[in-house]
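Per-entry structural report
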Amino acid sequence: MAAGVTAVAVAVGGGWWWESTPRYDVPVPSASASPGDVVGAYMRALDAHDSGTARALSTSNHRTTAATWLADTSGLQVLGVSAPIDEGSEVEVKVTFDLHQHWWTDDPSMGPGRHAWGYRLVRQQGRWLIQDEGMG
C-alpha cells in the first residue's frame, strides 16, 4: 500500500513539475520593439513559463498578474496580434489566443479555449511595457 501511495505522489509531483517548468527561453525584445512585438513575446513567455521574460515585459504593478498567468496556464497558442491602437501616452494591443490550463486550475473567469483579450502598454525605462490587460 505504501508503494502505491508513493507512486501516486511521485506521479502528481512529477506532473506538477512538468507543467510548471520553463519549456524554453523567450528573448526579451529590444528597447526599440513595437508594442505588438512586446505583447507577442510576453505571450510566448507565458506559454514557455519563462517568468524572467514575462516580468521584464511588465510594469511593477502588472507583475502579480503575470505571476498568476504563469501559475494557472499550462500553455497558450497566439492566434493573432492586432496593430496597436494609440491612446495618447498608452497603446492597446488586442490579441486572440487559445488557452490551456493546468488540470488543477479552476478559474471561472476564463476557461480553456479561444479568447479575445487586450493589453495596455506604456513607455517606461525606455521601452514598451505591459501595464494592464483585460477584455475591454
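Scroll up for the structure.
Presented here is an overview of the structure given in this document. Please read all numbers here as calculations on a predicted model, not as lab measurements. (Residues numbered from 1 in each chain as written. Predicted model: local features only at pLDDT ≥ 70, side-chain atom pairs only at ≥ 80, totals over all residues. Heavy atoms only, no water.)

**Overview of unusual backbone geometry**
Residues other than glycine seldom take positive phi values, yet histidine 49 does so here, at roughly 60°. With respect to the helices, strands and loops of the structure, histidine 49 is situated in the loop between α2 (35-48) and α3 (51-56). A positive phi angle, near 55°, is found at glutamine 125, a position not held by glycine. Following the sequence through the fold, glutamine 125 ends up in the loop between β4 (113-124) and β5 (127-134). The exposure class assigned to glutamine 125 is exposed, which follows from its relative accessible area of 69%. (Helix = DSSP H or I, 4+ residues; strand = E, 2+ residues; numbered from the N terminus. Buried < 20%, exposed > 50% of the residue type's maximum accessible area, 1.4 Å probe, protein only.)

**Considerations on the pattern of salt bridges**
Going through the model one piece at a time under the given rule, you end up with four salt bridges. A salt bridge links arginine 120 to glutamate 87, with the nearest nitrogen and oxygen atoms 2.1 Å apart. Here the residue arginine 120 occupies a position in strand β4, and glutamate 87 occupies one in strand β2 (residues 85-87), the gap between them amounting to 33 residues. We classify arginine 120 as partly exposed; its relative accessible area is 22%. In this structure, a network of salt bridges that share partners links the residues Glu87, Glu90, Glu92, Lys94 and Arg120. (Salt bridge = Lys/Arg side-chain N within 4 Å of Asp/Glu carboxyl O.)

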